[in-house]
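# Tertiary structure, described
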Amino acid sequence: MQGTVTSHTPLRIAIIGQSAFAVDVFHRLRQHGHIVVGVFTIPDKGKREDPLAKVAQENDVPLFKIKAWRKAGKPLPEVLDTYKNVNADLNVLPYCSQFIPMEVINYPRMKTICYHPSLLPRHRGASSINWTLICGDKKAGLTIFWADDGLDTGPILLQEECEVLEDDTVDTLYKRFLYPVGVTAVARAVDLVADGNAPHEPQTEKGATYDPMLNKPELQKIDWTKTGLEIHNFIRGMDSVPGATCQIKLPGEENYQEVFLFGSSLWRKSKFEGTEIEIAGTNPGVIHEDGLSVTGSDGVMVNIKRVKIGGRMKPAALLNQVSKQVTVELTQEEKNQIESIRDIWESILNTEIEEDTDFFASGAGSMDVVRLVEEVKDLLKLEELENEDVFMAPTFAEFSLNVVVKSRGGDHKAEVEYRAIETEANGMKLKFPCQLFINGEFVDAENGKTIPTVNPTNEEVICHVQCASPKDVNKAVSAAKKAFESGEWSKISARERGQLLYRLADLMHQHREELATIESLDSGAVYTLALKTHVGMSIETWRYFAGWADKIQGSTIPVSHARPNKNLSFTKKEPIGVCGLITPWNYPLMMLSWKMAACLAAGNTVIIKPAQVCPLTALKFAELSVKAGIPPGVINVVPGTGSVTGQAIASHPHVRKLGFTGSTEIGQVIMKTCAESNLKKVSLELGGKSPLVIFSDCDLDKAVRLGMQSVFFNKGENCIAAGRLFVEENIHDEFVRRVVQETKKITIGDPLNRSTSHGPQNHLAHLKKLLEYVAIGVKEGAKLEYGGQRLNRPGYFLQPTIFSHVEDDMFIAKEESFGPIMVISKFNNGDIDGVLQRANATEYGLASGIFTRDLSKALRFAEKVEAGTVFVNTYNKTDVAAPFGGFKQSGFGKDLGQDALNEYLKTKCVTIEY
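A few points on the structure.

Right, let's get into the nonpolar core. Core analysis: the biggest nonpolar cluster contains 66 residues, and Met 508, Trp 542, Met 596, Leu 600, Phe 621 and Ile 635 have the highest contact counts within it. Apart from the residues within four sequence positions on either side, Trp 542 is in contact with Leu 501, Leu 504, Ala 505, Met 508, Leu 592, Ser 593, Met 596, Ala 597, Leu 600 and Phe 621. Counting 47 residues, the second-largest nonpolar core is a separate cluster that includes Phe 21, Cys 162, Phe 177 and Val 193.

Take a look at the structure:
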């Protein structure tokens, strides 16, 4: 026979039993050269056929489904005759729930052998694995014995044993040892019988126990007079069926409820916070973030991971919370996977599977759980899917959706819910959160404080957003730290991480019009620009860095050998850990994406404080991250003030990297705080006064058009905006005339109107600052060519403004406006050295530009100008693949491109001697 692994005389075997374990015994005996001449198993349960019956049919082995072997204590003649007709040499009972008459046991010439999952004579009976754990045995094992007329009392053929680990359960012990070693032991026992070498060691009654089957409620109750260790042993011995029970009164409830406890471990932490609950007959328990803690009579604490209440399984940490349903937007591939999972359910249960089909109510048992888990793992190539995942989600809809989330690398148990702000704008209904987003949930601030967010178009309050306190920041950092160190995010592969980021980008694309509308309402961005740039480039950024996730790698380095041995050195690029991000108000979603996409692609977790005045797209993004399957704790969004929330992030000892975009003054404070707290790594994108130099040999039409864009793009709220235009003398007047003429044509108005090209400034304080800036320019003698006034209408609208005749010592020549204010200075014809000196005479160095047809002049400018970005005959041309960042007091570090990844990675060198 193909696959035979031994050469002894084959035996004719009758297998009597059921379950997946019996199936593996069937295959193993055939591999060893034995002939299975008959399979005797239980009848179908409805349309559900036992796996052993199915495998017998597939292999053309005679199959008999026996409802009962005897009646009134005597074997049924017709059943006995059927059995005798297979003419077996040996009966093998790998797992059998029926009582087999002695007339069958003794009929074969070599009698009958049985598998039993304990070290006989200890723990005779049907619940032997449970009692092994309940009794606190140090060793577990299995016995193959010769069946007799007693209950698990026949002579021993062979035994195998293993150590019992502190947190072993029935499932772990069975999967780790009793199942795989048991299959091998049965096959080895049959080989010994075939060779005539099988022992017949009589069982001793010394130390023998017969333990009752744990199917009565009184046997499932926890005895709170026991020690902590004894309670732990009892709970794990009842895990996962039938479960250890107690009576619990939840907060706010009047009556006790029966609760089943699962997943116990000895609790060795001395300090933790939680909610007390009453437990009948013992001290109060405590619900905390890691489960439910209970106390033994000796004061030793036991932690519980899962509970079943009202017939539903849930995490013990959520015992006092209302169960929620998972809502995930599925890809077509995932929908196909769910249908494949449905096929597995149908093959196990042999019934039509509806969304509300309950696995256990349909007749499934513990062996079916094992089969379901293994088949789904094989189907989806999952590394982690446990029996408890079936118990926690017994209906098809719950289970299949949870499997999909797990395949994404997430571990979501509930849909994210929030107190929604609902409104209509731009011809669509909008719904977005207004709470903090911490550990995968939207929650209120600890102190209940809120901050208003105002629509700059009409000056009306959109909503009040929760304002994070230092305690809230600490919770968010703790969640991020846990996700990084031990959560699902820490376990998935880099490629799986990239797939999650791709999925997030796809969801952002699906919701792009909604995101752009929220961005327009909250920040005043013109909708068409928000759709193309604020949101469009954000999506591109996530897709770009999703592609990088599995391409981050170190290198091997040739080093000197320690002769006569050799050495190998290599580097690893590793994520830093918990990263803090503080982003500005000019591009709320895009600045989040520029920093966070690289941060997550590198494998970090993050806490972000969006701008105080426009946090809404960041919160909507958080909602989408849940739908994408990003695990809890990976992304945390904490709106708030810079002085409180931002400071708490910058000074937190568990934040290892901080990325900031904002003013130079605040950047200096942040850098100092990061140094004094824990010397955290910092990247800063700060202020700018970017020079744009326009030579007379340029394409003047293009220079006028792009010169205007360099200043007025995004109503001037642009970090790389051309803060000062240097125009060569012989085209200066014509350039000024043209830009004034074209600026008058700019359509100012409602940013949601498709014809609008210039919207309101972001917030009132900024508008006032710009009006002061204009006043200073006029006072110092610069010529106001156009604009400079607030529009006489609701909203924070400022006329695009043009100054000429700006001298180098003027305030507006040196300081950034961060608004739609063009500052024009003249330079002498042909004086490239002079204009370069003037362009570099600033503490800023973010961006720069030049318009000229002379390539040599352009390259010389690019070489000499002190700026992180140089535009030649273009401006504002950024791309997700091109690094972005400045010099001098414009900061250091890069966003975008491969360089950005290095901001969120650390290099480790490993040297091996061999």
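Picking up where we left off.
On to the packing of aromatic side chains. With the rule as written, the count across this model stands at 21 aromatic pairs. With 5.4 Å between their ring centres and 85 degrees between their planes, Tyr 174 and Tyr 179 make a pair best called edge-to-face. One exposure class covers both Tyr 174 and Tyr 179, and it is buried. Ring centres 5.2 Å apart and planes at 65 degrees place the aromatic pair Tyr 418 and Phe 442 in the edge-to-face group. You can see Tyr 418 sitting in the loop between α11 (396-407) and β17 (421-425) and its partner Phe 442 sitting in strand β20 (residues 441-443), a full 24 residues away along the chain. Residue Tyr 418 is classed as buried on the basis of its relative accessible area, which comes to 17%. On the accessibility criterion, Phe 442 (7% relative accessible area) is buried. Of the aromatic side chains, those joined through ring pairs into one cluster are Phe 40, Phe 64, Trp 69, Tyr 83 and Tyr 107. A cation sits over an aromatic face here: Lys 308 above Phe 260, 5.2 Å from the ring centre. When the ring centre of Tyr 904 is taken as reference, the NZ or CZ atom of Lys 657 above it lies at 3.9 Å.

What follows is about empty space enclosed by the protein. Under the definition given, this model contains seven cavities of 30 Å³ or more. Here the largest cavity is characterised by a volume of approximately 80 Å³. Lining the largest cavity are 14 residues; nearest its centre among them are Ala 721, Ala 722, Gly 723, Ser 817 and Phe 818. Across the lining of the largest cavity, the residue classes break down as six nonpolar, six polar and two charged.

If you trace the backbone, Pro 631 turns up in the loop between α18 (616-627) and β27 (635-637). As a C-alpha pair, Pro 631 and Trp 267 span 364 residues in sequence and 25 Å in three-dimensional space.

Turning to α18, a few remarks are in order. Helix length check: α18, at 12 residues, gives a terminal C-alpha distance of 17 Å against a target of 16 Å (1.5 Å per residue), a fit within 8%. Among the 12 residues of α18, 12 are classified as buried, and the element is accordingly described as predominantly covered. Two residues or fewer after α18 comes Gly 629, characterised by a positive phi angle close to 95 degrees.

To summarise the sheet geometry, strands pair through backbone hydrogen bonds and adopt either a parallel or an antiparallel arrangement. Read across the sheet, seven strands follow the order β32-β33-β34-β31-β30-β36-β37 without closing on themselves; strand pairing throughout is mixed. This sheet does not close on itself; its edge strands, each paired only once, are β32 (783-786) and β37 (869-872). The mean angle between the axes of side-by-side strands here comes to 20 degrees, regardless of whether they run parallel or antiparallel. Across three bridges, β32 lies against strand β33 (residues 801-804) in antiparallel orientation. Bridged to Tyr 786 within β33 is Ile 802.

Here we come to the pattern of salt bridges. One pass over the structure, following the stated rule, counts 42 salt bridges. The shortest N-O distance in the salt bridge between Asp 239 and Arg 306 comes to 3.2 Å. One end of the pair, Asp 239, is in the loop between α7 (228-237) and β10 (244-249); the other, Arg 306, is in strand β15 (residues 301-309), with 67 residues separating them in the sequence. Measuring nitrogen to oxygen at the nearest pair gives 4.0 Å for the salt bridge that ties Lys 471 to Glu 446. Taken together, the residues Lys 471 in helix α12 (residues 470-485) and Glu 446 in the loop between β20 and β21 (450-455) connect sequence positions 25 residues apart. Among the residues examined, Lys 471 registers a relative accessible area of 55% and is labelled exposed. A single salt-bridge network, built from bridges that share partners, covers Glu 514, Lys 620, Glu 623 and Lys 627.

Moving on, we come to helix α26 (residues 855-864). Taken residue by residue, α26 has Lys 857, Ala 858 and Phe 861 as its buried positions. Seen from one end, α26 has its buried residues packed into an arc of 100 degrees, which puts them on one side. Exposed and facing more than 90 degrees away from the buried side of α26 are Leu 855, Ser 856, Leu 859 and Glu 863. Buried positions along α26 lie against β30 (690-694), α25 (832-840), β36 (847-851) and β37. The distance from a side-chain oxygen at the start of α26 to the backbone nitrogen of Ser 856 is 3.0 Å, and the residue carrying that oxygen is Asp 854.

With that settled, consider the sheet that holds strand β3 (residues 63-65). In space, the seven strands of this open sheet follow the order β3-β2-β1-β6-β7-β8-β9, with mixed pairing throughout. Since the sheet does not close on itself, it has two edges, and those belong to β3 and β9 (156-163), each with one partner. Averaged over all pairs of adjacent strands, the angle between strand axes in this sheet comes to 15 degrees, irrespective of strand direction. Sheet topology places strand β6 (residues 90-93) next to strand β7 (residues 112-116); three bridges connect them, and they run parallel. Bridge pairing in β7 places Val 92 opposite Ile 113.

Here the bond from Leu 120 into Pro 121 is cis, since omega is 15 degrees, no more than 30 degrees from zero. For the peptide bond that leads from Arg 563 to Pro 564, omega is 10 degrees, which places it in the cis range. Note that Pro 564 resides in the loop between β23 (556-557) and β24 (567-575). At Lys 381, a residue that is not glycine, the phi angle is positive and equals roughly 55 degrees. For Lys 381, the position within the fold is in the loop between α9 (366-380) and α10 (387-392). Even without a glycine there, the phi angle at Asn 873 is positive, about 55 degrees. As for its placement among the helices and strands, Asn 873 is situated in the loop between β37 and β38 (887-888).

Axis separation between helix α14 (residues 494-510) and helix α17 (residues 588-601) bottoms out at 10 Å; the angle between their running directions is 160 degrees. Between α14 and α17, the angle falls in the class roughly antiparallel. In the packing of α14 onto α17, the handedness of the crossing is right-handed. For the pair α14 and α17, contact is made by Arg 497, Leu 501 and Met 508 and by Leu 589, Ser 593, Ala 597, Leu 600 and Ala 601, respectively.

Once that is clear, we can look at the side chain of Arg 342. Mapped onto the elements, Arg 342 comes out in helix α8 (residues 332-349). In terms of polar contacts, Arg 342 uses its side chain to reach the side chain of Glu 339, at 3.1 Å. A polar side-chain atom of Arg 342 sits 2.9 Å from the main-chain carbonyl oxygen of Ile 353. With residues near it in sequence (within four places) discarded, Arg 342 still touches Ile 353, Glu 354, Glu 355 and Phe 396.

How each quantity is defined
- Every chain begins its residue count from 1, and numbering advances along the sequence as written.
- Where totals are concerned, whole chains, interfaces and linings use all residues; where local detail is concerned, this predicted model gives features only for residues with pLDDT of at least 70, and gives and counts side-chain atom pairs only at 80 or more.
- As a rule here, side-chain values come from all non-hydrogen atoms in the structure, and water together with hydrogens is ignored.
- Each nonpolar core is a collection of buried residues, namely Ala, Val, Leu, Ile, Met, Phe, Trp, Tyr and Cys, held together in the definition by side-chain atoms within 4.5 Å.
- Using a 1.4 Å probe on the protein chains alone, a residue whose accessible area is under 20% of its type maximum counts as buried, one over 50% counts as exposed, and one in between counts as partly exposed.
- The contact criterion used is simple: two residues touch if any of their non-hydrogen atoms lie within 4.5 Å.
- Between rings of Phe, Tyr and Trp, where Trp is taken as its six-membered ring, a pair exists when centres lie within 6.5 Å; planes separated by under 30 degrees are stacked, by over 60 edge-to-face, and by other angles tilted.
- Secondary structure elements are defined from DSSP: runs of H or I of at least 4 residues count as helices, runs of E of at least 2 residues count as strands, and each element is numbered from the N terminus.
- In this scheme, the term charge over a ring applies when either NZ of a lysine or CZ of an arginine sits within 6 Å of the ring centre and within 35 degrees of the ring normal.
- Grid spacing is 1 Å over the protein atoms alone, the probe is 1.4 Å, and a cavity is where that probe fits but cannot get out, while a pocket is an open set with protein on both sides within 12 Å along at least five of seven lines and lining residues have an atom within 4 Å of a point.
- Grid points are joined across faces, edges and corners, and a volume is the space filled by probe spheres set on the points.
- Side-chain classes follow a simple rule in which Ala, Val, Leu, Ile, Met, Phe, Trp, Tyr, Cys and Pro form the nonpolar group, Asp, Glu, Lys and Arg form the charged group, and the remainder, Gly included, forms the polar group.
- To estimate the expected span of a helix, subtract one from its residue number and multiply by 1.5 Å.
- When DSSP finds two or more bridges between two strands, those strands count as paired.
- Working convention: axes come from line fits to C-alpha atoms, limited for helices to the stretch in contact. Angles between N-to-C directions cover 0 to 180 degrees.
- We define a salt bridge as a side-chain nitrogen of Lys or Arg found within 4 Å of a carboxyl oxygen belonging to Asp or Glu.
- Arc, as used here, means the arc of the directions from the helix axis to the C-beta atoms.
- Here a polar contact means two N or O atoms within 3.5 Å. Within protein one must be a hydrogen donor candidate and the other an acceptor candidate, and residues neighboring in sequence count only if both atoms are side-chain atoms.
- By definition in this entry, angles of less than 35 degrees are roughly parallel, angles greater than 145 are roughly antiparallel, angles of 65 to 115 are roughly perpendicular, and the rest are oblique.
- We call a crossing left-handed when the near helix sits turned anticlockwise from the far one by less than a right angle, and right-handed when that turn is clockwise.

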